[in-house]
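Residue-level listing of the chains:
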Amino acid sequence: MSDSTTPPNNTQRPQLAVDFAGLSLRNPIMPASGTFGYGEEYTPFLDLDQIGAVVTKGLSLHPKAGNPTPRIAETTGGMLNAIGLQNIGVDAFIEQKLPFLERFSTPVIVNFFGNTADEYAQVAERLDAAPGVAALEMNISCPNVKHGGIVFGTDPKAASDVVSLVRSRVKKPLIVKLTPNVTDIRVTARAVEDAGADAISLINTLTGMAVDVKTRRPRLANQIGGLSGPGIKPVAVRMTHQVVQAVQVPVIGIGGISRAVDALEFLIVGASAVQVGTANFIDPNIMAQIVADLEAFCRDEGIADINELIGSLEL
Amino acid sequence: MKNYRTIVLSNQEISPGYFRMRILAPGYDAVAQAGQFVMFRVQRSLPPLLRRPFGIFRTGFLAPDCDGMPAKEYIELVYKVVGLGTEIMQDLHEGDKIELLGPLGRGFDLGDPAQDKILVGGGIGLVPLYMLAEKLADKSKVRLLMGGRTRDDIITVTEFERLGVETYVSTEDGSLGEEGLVTQVLQRKLQKYPSARVYACGPMGMLDAVQSICATNRVALQVSLEALMACGVGACLGCVVKGAGHSEESPRYLCTCKEGPVFDAERLDWTRLQEKSECGGCH
């Protein structure tokens with residue numbers, strides 16, 4: 001009787017906490033690997049205890065130099081990057097960077113990659129043994145140097161094999177991050193789920209290219225780079241929707257999220273959490289803003305718990 | 001170092017294609033060092049997607065609008081219109097809302113006051129040298145060598161003169177000052193003042209020549225570099241330069257935004273800096 005006339009209860013704070021793959025996050029907002037350094041770079045601007053998780057730059061077994069410059073190029077609604085996975089290596093991370101992150105109560109998800117399946121396994125084992133690491137995110141968008149440089153994540157068999165191997169070596173939650181540069185992303189998603197992934201994150205960048213018309217050279221030294229930013233969001237929402245339908249494991253949505261409404265699109269199609277990438281470069285406090293705006297959205301819409309929104313897409 | 005929303009106080013063309021913008025910027029005067037920069041964003045605008053880095057020309061205070069109010073603290077940027085970002089900037093007016101992240105990076109080392117200083121600026125590269133001149137001019141003898149393609153590229157020189165800086169202008173077409181390159185002037189000045197310390201900012205070609213002149217003359221040099229950057233805080237790794245001793249096997253990349261933009265010349269790998277694409281100025 002009174003339901004239609006009673007205003008929503010504004011005194012109750014909406015619940016933003018999400019649980020998936022053995023992780024408990026205070027909210028579903030986390031950075032995308034490669035846009036947040038090792039976390040400490042952003043602490044002058046952002047309280048790490050306000051976001052759901054920290055996701056580090058991708059780590060390899062040995063330090064990696066990265067690509068020559070120019071490494072970035074702005075495009076309409078996005079940016080291309082070919083950083084080349086420059087990183088300090090897994091051991092230096094554990095020794096020099098992880099202790100700082102352990103001061104915060106926020107779970108640390110460590111992104112990693114390898115040039116061979118064996119390298120993947122070795123990095124993963126070291127991270128699995130490090131107490132401050134809550135979960136592992138495996139980047140399978142790298143060329144497999146032992147098999148002609150074919151990207152692990154574009155070959156369902158190679159993806160399945162490398163995920164199986166890592167799965168057999170680690171106990172911590174294993175998130176596998178998918179490349180969108182495939183014909184049907186559901187095939188890769190099912191392959192990594194069958195191989196033992198606890199969760200899937202998507203999308204990594206879309207490959208792209210830009211040309212300087214005066215010099216007639218590619219604008220990136222690497223010629224080809226990964227496209228990120230607001231322009232890729234519809235592609236990412238579509239793929240997230242497709243993967244949520246195709247697998248049972250939880251999904252983390254990534255791609256062009258710059259505002260709370262962007263995050264909401266991914267949650268509504270069924271993502272359990274989301275990652276904010278390029279937007280961190282533009283506003284170092286954007287994730288805290290998105291968390292605040294998500295809460296405001298829930299309050300305004302009378303949603304008591306954000307989990308009500310996850311997978312609530314009306315078709 | 002912080003990020004805030006603020007407003008433009010003024011924005012004027014000072015030479016064809018060159019603009020001077022004052023921005024309300026509380027807190028900068030006390031902390032900003034000569035050579036530091038800001039990441040500038042036109043609010044709610046897309047494009048440009050990314051912020052643009054700009055060297056701080058100076059900081060200062062404007063008289064309050066009415067008695068009893070605090071003075072307005074500002075920073076001044078001097079920029080050249082070279083691309084999408086600066087094309088949008090040139091149309092901003094007093095009161096327009098923008099976002100400012102800074103002050104960022106490592107500034108100049110002021111060195112020994114007893115030592116003479118030579119500042120070498122190429123075109124828009126002059127910008128970070130003004131605040132340096134302000135800090136140096138009280139205690140040291142400062143000479144500015146300012147080079148440009150034409151006289152339109154010679155900006156703000158009278159402001160350096162007001163600080164007591166001796167200025168020497170050169171243009172490639174001879175339309176103002178000596179005809180030729182600023183590096184020729186540097187050669188002569190170093191013969192006359194061999195114990196001077198040199199600071200330089202400008203196009204990569206100019207910096208490379210300045211570096212080789214200073215190395216030959218065994219003179220200490222600090223350079224301020226420009227680079228494409230997405231974040232300005234050391235996270236994106238888009239703005240790296242190769243450091244001295246860099247090799248594929250033991251890479252030594254330095255972040256221009258965080259470990260620079262000012263570097264002691266000997267920290268950089270000059271044989272490889274030229275591999276970078278020619279700097280077109282801050283966009």
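Cut-offs used in this document
Residues numbered from 1 in each chain as written. Chains lettered and ligands numbered in written order. Predicted model: local features only at pLDDT ≥ 70, side-chain atom pairs only at ≥ 80, totals over all residues. Helix = DSSP H or I, 4+ residues; strand = E, 2+ residues; numbered from the N terminus. Rg over C-alpha atoms; globule rule 2.2 N^0.38 Å. Buried ≥ 20, exposed ≤ 12 C-beta atoms within 10 Å, placed from the backbone. Contact = placed C-beta atoms within 7 Å. Pairing = 2+ DSSP bridges. Axes fitted to C-alpha atoms, helices over the stretch in contact; angles between N-to-C directions. Core = buried A, V, L, I, M, F, W, Y, C linked by C-beta atoms within 7 Å. Right-handed = clockwise from strand over helix to strand, strands pointing away. Nonpolar A, V, L, I, M, F, W, Y, C, P; charged D, E, K, R; others polar. Parallel < 35°, antiparallel > 145°, perpendicular 65-115°, else oblique. Left-handed = near helix turned anticlockwise from the far one by under 90°.

So, about the overall build of chain A. Along the backbone of chain A there are eight helices and 18 strands. Against the 2.2 N^0.38 benchmark of 20 Å for 315 residues, chain A shows a C-alpha radius of gyration of 19 Å, consistent with a compact globule. C-alpha extents for chain A along the principal axes are approximately 70 × 50 × 40 Å. Burial status across chain A gives 52% buried among its 315 residues. By sequence separation, contacts in chain A at least 24 residues apart represent 71% of the contacts at least 6 residues apart.

Below, the discussion takes up the overall build of chain B. Scanning chain B for helices and strands turns up seven helices and 16 strands. Its C-alpha atoms give chain B a radius of gyration of 18 Å, within 12% of the compact-globule value 19 Å for 283 residues. Across the 283 residues of chain B, 47% fall into the buried class. For chain B, the share of sequence-separated contacts (at least 6 apart) that also reach a separation of at least 24 residues comes to 66%.

What follows covers helix H4 (residues 185-194) of chain A. All names here are of chain A. Along H4, the residues that are buried comprise Ile185, Thr188, Ala189, Ala191, Val192 and Glu193. For H4, the secondary structure elements touched by its buried residues are helix H3 (156-169), strand E11 (174-177), strand E12 (199-202) and helix H5 (233-246). Just downstream of H4, Gly196 is the residue with a positive phi angle, here 115°.

Here we take up the sheet that holds strand E5 (residues 58-62) of chain B. Residues and elements named next belong to chain B. Ordered by their spatial adjacency, seven strands build an open sheet running E4-E3-E7-E1-E2-E6-E5, and the pairing between neighbours is antiparallel. Both edges of this open sheet fall to strand E4 (52-55) and E5, since each of them pairs with a single strand only. Here the strands of the sheet are splayed against their neighbours by 40° on average, with no regard to which way each runs. Taken together, the four bridges between strand E3 (residues 37-42) and E4 define a ladder with antiparallel strand orientation.

In terms of nonpolar packing, the biggest core is built from 179 residues, with Ile200(A), Val274(A) and Val210(B) touching the most fellow members. Among the elements that line this core, the one with the most residues is helix H3 (residues 127-137) of chain B, at seven residues. When near neighbours in sequence (up to four residues on either side) are disregarded, Val274(A) contacts Pro28(A), Ile29(A), Ile252(A), Gly253(A), Ile254(A), Ile257(A), Ala263(A), Phe266(A) and Leu267(A).

Moving on, we get to the pairing of strand E13 (residues 221-224) of chain B. For a regular strand, the rule is simple: side chains alternate between the two faces of the sheet. Residue and element names in this part refer to chain B. Side chains of E13 alternate between two faces, with Leu221 and Val223 and Gln222 and Ser224 buried alike. Looking at chain direction, strand E12 (residues 197-201) and E13 are connected through four bridges and run parallel. The residue bridging Val198 from the neighbouring strand is Leu221, located in E13. Handedness of the E12-helix H6 (residues 204-216)-E13 crossover: right-handed. As defined by bridge partners, E13 adjoins strand E16 (residues 262-264) across three bridges and the pair is classed as antiparallel. Along E16, the bridge assignment pairs Gln222 with Asp264.

On to the interface of chain A and chain B, then. Counting from both sides, the interface comprises 29 residues of chain A and, opposite them, 26 residues of chain B. For the side of chain A that touches chain B, the elements supplying multiple residues, two or more each, are strand E5 (72-75), strand E6 (78-81) and helix H7 (279-282) of chain A. Ranked by the residues each element gives to the side of chain A that touches chain B, the list is headed by E6(A), at three residues. Residue composition of the side of chain A that touches chain B, grouped by class: 14 nonpolar, 11 polar and four charged.

So, on to the environment of Gly147(B). All names here are of chain B. Of note, Gly147 is situated in strand E9 (residues 142-148). When the C-alpha positions of Gly147 and Ala30 are compared, they lie 31 Å apart, and in sequence the two are 117 residues distant. Discounting chain neighbours no more than four positions away, the residues touching Gly147 are Gly122, Ser170, Leu181 and Val182.

Right, let's talk about the sheet that holds strand E8 (residues 117-122) of chain B for a bit. Residue and element names in this part refer to chain B. One open sheet holds the seven strands; their spatial order is E11-E10-E9-E8-E12-E13-E16, and the pairing between them is mixed. Strands at the two margins of the open sheet, each flanked by one partner only, are strand E11 (178-179) and E16. As judged from the five bridges shared by E8 and E12, these two strands associate in the parallel manner. Within E12, the position partnered with Lys117 by the bridge is Arg197.

Below, the discussion takes up the environment of Phe104(A). Structurally, the position occupied by Phe104(A) is in the loop between helix H1 (90-101) and strand E7 (108-112). For the pair Phe104(A) and Leu48(A), spaced 56 residues apart in sequence, the C-alpha to C-alpha distance is 6.8 Å.

All names here are of chain A. The contact between H1 and helix H2 (residues 117-129) brings their axes to 10 Å, and the two run at 20°. By the angle between their axes, H1 is roughly parallel relative to H2. When the axes of H1 and H2 are compared, the crossing they make is right-handed. Mapping the contact onto sequence places Val90, Asp91 and Ile94 in H1 and Val123, Arg126 and Leu127 in H2. Here the contact of H1 with H2 is built from residues that sort into four nonpolar, no polar and two charged.

A separate point is the pairing of strand E10 (residues 166-171) of chain B. Residues and elements named next belong to chain B. Pairing of E9 with E10 involves six bridges; the strand directions are parallel. Bridge assignment links Gly148 to a residue of E10, and that residue is Thr171. A crossover links E9 with its parallel partner E10, the connecting element being helix H4 (residues 157-162), and its sense is right-handed. Bridge count between E10 and E11: two bridges; the pairing is parallel. In the sheet register, Ser170 faces E11, and the bridge partner there is Glu178.

All names here are of chain A. Following both chains from N to C, one finds helix H6 (residues 260-269) and helix H8 (residues 286-301) inclined at 65°, their axes separated by 9 Å at the closest point. Here H8 runs roughly perpendicular to H6, going by the angle between their axes. Between H6 and H8 the crossing geometry is right-handed. For the pair H6 and H8, the contacting residues are Ala260, Ala263 and Leu264 in the first and Ile290, Asp293, Leu294 and Phe297 in the second. Counted by class, the contact of H6 with H8 contains six nonpolar, no polar and one charged residues.

Purely spatial values, then, with no claim about function.
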